[in-house]
Amino acid sequence: MLTLENFARDMLDRTQEGTEALLRAVGPAFAGRDHFTLGALAAGETAVWSRLFNWRALGTVTTAAVPVLLALRPDCALETRVGLVAAALGQASKRGKPTTFGVTCVSVQYASFAWALRDARNDATGWALRAGAWAAGIALPRTRSERLATAVAGIPTAALSALAGDPALHAAESTQGLSHGANLLLASEALTVLNPAEQRQDAGLRGRVLDAAQSAAQTVGLVLLVDGLARKGRG
C-alpha cells in the first residue's frame, strides 16, 4: 500500500540516484578527461543566463551548441549522434511559432534516442503514465499549430521516457541516468508547451524564467541520456 512515508522515501531515493548519475556523467569532464561534455555544460549554462536576460541570439547559438558538443564525444553511437544533430536544429527552432522543420527535427531527436533503447521494456502503468502526459500536453496549447506540434513530437518524447524507465536499466547503476535524463527531456518539452513563443518573446519575467528552466532541463537531460547510452553501449 502506497503511503505518504513510502512516497517520500521513494522520492528521496530517486533524487539520490539522479544526483549520483549526474556526478558520474560530469565527473570525467571536471577531471579534464571529457572536454566535449565540459563544453556542453558551459554552453548550457550560458544558454540559461541568456534566456533569463533575454539575449536571444546568444541563447539560440548556445542552445544549439550543447547537443553539437555532446555529439563529438568519441563514445557516441550513430543513432545518438543523429538524435543530437536533430536536437541542435530542433531546439534552436523554438524561437518562434512551430514550423514543419522544427517539429520534424524535435521528433527525430527523440525517435533516434528511443531507437537506441529499442530493446528496453516497460509495464502497462509506465506506458499509461506517458500516454496521459502526452494527451494532457495536446489539450494545453492555445493554437492549432501548437497542438499539432505537441501531438506529433510528443509521441517519440513519451516513448523515450517509457523505454528509459525499463526496470532492468534502472537496476544497473551504470544506466540509472537514462530514466532521469529522459524524464528531464520530457519535462523540458512540457515547459515548452506551457511557455509558447509569444510568452517567451514578450520578455516578461515568467516567460524568461520558464524559458531558462526549459533550457536547463534540456541540457542536464541530454548530458545524462548521452552518458547513459554510452555506458550501456560499453556494457
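As a reminder, the structure under discussion sits directly above these lines.
To keep things clear, this report deals only with the structure shown in the data block.

What counts, and where the lines are drawn
- Residues numbered from 1 in each chain as written.
- Predicted model: local features only at pLDDT ≥ 70, side-chain atom pairs only at ≥ 80, totals over all residues.
- Heavy atoms only, no water.
- Helix = DSSP H or I, 4+ residues; strand = E, 2+ residues; numbered from the N terminus.
- Buried < 20%, exposed > 50% of the residue type's maximum accessible area, 1.4 Å probe, protein only.
- Contact = heavy atoms within 4.5 Å.
- Areas by Shrake-Rupley, 256 points an atom, 1.4 Å probe, with all protein chains shown as cover.
- 1 Å grid on protein atoms, 1.4 Å probe; cavity = no way out; pocket = protein on both sides within 12 Å on 5 of 7 lines; lining within 4 Å.
- Points joined across faces, edges and corners; volume = space filled by probe spheres on them.
- Nonpolar A, V, L, I, M, F, W, Y, C, P; charged D, E, K, R; others polar.
- Expected span 1.5 Å × (residues − 1).
- Arc of directions from axis to C-beta.
- Phe/Tyr/Trp six-rings, centres within 6.5 Å; stacked < 30°, edge-to-face > 60°.
- Axes fitted to C-alpha atoms, helices over the stretch in contact; angles between N-to-C directions.
- Parallel < 35°, antiparallel > 145°, perpendicular 65-115°, else oblique.
- Patch = residues over 30% accessible without salt bridge, like charges linked within 9 Å, V, L, I, M, F, W, Y side chains within 5 Å.
- Salt bridge = Lys/Arg side-chain N within 4 Å of Asp/Glu carboxyl O.

1. Thoughts on the overall build of the chain
Assigned secondary structure in the chain consists of eleven helices and zero strands. The secondary structure elements of the chain, listed N-terminal to C-terminal, are α-α-α-α-α-α-α-α-α-α-α. With the C-alpha coordinates of the chain rotated into their principal frame, the extents come out at 45 × 45 × 35 Å. Considering the chain as a whole, with its 235 residues, one finds that 46% of them fall into the buried category. In the chain, once contacts between residues fewer than 6 apart in sequence are set aside, the share between residues at least 24 apart is 70%. Put simply, the chain shows about 11500 Å² of open surface, and 68% of that area lies on carbon and sulfur atoms.

2. Considerations on empty space enclosed by the protein
Any space left empty among the atoms is revealed by the rolling of a water-sized probe across them. Following the criterion strictly, the structure yields three cavities of 30 Å³ or more and no others. The calculated volume of the largest cavity comes to roughly 50 Å³. Lining the largest cavity are Ala47, Arg51, Thr63, Val66, Pro67, Gln91, Gln214, Ser215, Gln218, Thr219 and Leu222. Broken down by element, the lining of the largest cavity gets its largest block of residues, five residues, from helix 11 (residues 205–234). Taken together, the residues that form the lining of the largest cavity break down as four nonpolar, six polar and one charged.

3. Some details on the layout of surface pockets
Estimates place the volume of the largest pocket at around 720 Å³. Around the largest pocket sit 35 residues that line it, and Thr150, Glu189, Ala190, Thr192 and Val193 are the ones nearest its centre. Contributions of two or more residues to the lining of the largest pocket are made by helix 5 (100–116), helix 6 (124–139), helix 7 (144–164), helix 9 (177–194) and helix 10 (197–201). Taken together, the residues that form the lining of the largest pocket break down as 17 nonpolar, twelve polar and six charged. In terms of lining, the second largest pocket is formed by Arg14, Asn122, Asp123, Thr125, Gly126, Leu129, Arg130, Gly165, His170, Ser179 and Asn183. Put simply, the parts of the chain that give the lining of the second largest pocket at least two residues each are helix 6 and helix 9. Take the lining of the second largest pocket: its biggest share by element is four residues, from helix 6. Within the lining of the second largest pocket, the residues separate by chemical class into one nonpolar, seven polar and three charged.

4. Quick word on helix 2 (residues 35–52)
For helix 2, built from 18 residues, the straight-helix expectation of 26 Å at 1.5 Å per residue is met to within 8% by its first-to-last C-alpha distance of 26 Å. When helix 2 is considered as a whole, its buried residues turn out to be Thr37, Ala40, Ala43, Gly44, Ala47, Val48, Ser50 and Arg51. One side of helix 2 holds all its buried residues, which, seen down the axis, span an arc of 165 degrees. What points out from helix 2, more than 90 degrees from its buried face, is the exposed set His35 and Glu45. At the C-terminal side of helix 2, asparagine 54 shows a positive phi close to 65 degrees.

5. Thoughts on the packing of aromatic side chains
Evaluated as defined, the whole model comprises two aromatic pairs. For the ring pair tryptophan 49 and phenylalanine 53, a centre distance of 6.1 Å and an interplane angle of 20 degrees mean the geometry is stacked. What makes tryptophan 49 partly exposed here is its relative accessible area of 44%. Residue classification places phenylalanine 53 among the partly exposed residues on the basis of a relative accessible area of 46%. Taking 5.1 Å as the distance between ring centres and 20 degrees as the angle between the ring planes, the aromatic pair formed by phenylalanine 53 and tryptophan 55 counts as stacked. Residue classification places tryptophan 55 among the partly exposed residues on the basis of a relative accessible area of 47%. Chaining the aromatic ring pairs together yields one cluster made of Trp49, Phe53 and Trp55.

6. Describing the packing of helix 3 (residues 56–71) against helix 11
Relative orientation of the contacting elements helix 3 and helix 11 amounts to 5 degrees, with a least axis distance of 11 Å. Judged on the interaxial angle alone, helix 11 and helix 3 are roughly parallel. Listed contacts from helix 11 to Thr63, Val66, Pro67 and Leu70 of helix 3 are Ser215, Thr219, Leu222, Val223 and Val226. For the contact of helix 3 with helix 11, a count of residues per class yields six nonpolar, three polar and no charged.

7. A short note on unusual backbone geometry
Even without being a glycine, asparagine 54 presents a positive backbone phi close to 65 degrees. With respect to the helices, strands and loops of the structure, asparagine 54 is situated in the loop between helix 2 and helix 3. Take asparagine 54: its relative accessible area is 25%, and that puts it in the partly exposed class.

8. Topic: a nonpolar patch on the surface
Taken together, the side chains of Trp49, Phe53, Trp55 and Leu58 make up a nonpolar region of the molecular surface, amounting to roughly 450 Å² of accessible area. Residue class for leucine 58 comes out partly exposed when judged on its relative accessible area of 40%.

9. Some details on the environment of proline 98
Along the chain, proline 98 falls in the loop between helix 4 (78–92) and helix 5. Not counting the four nearest positions on each side in its chain, proline 98 is found in contact with Val103, Ser145, Glu146 and Ala149.

Nothing here speaks to function; it is all geometry.
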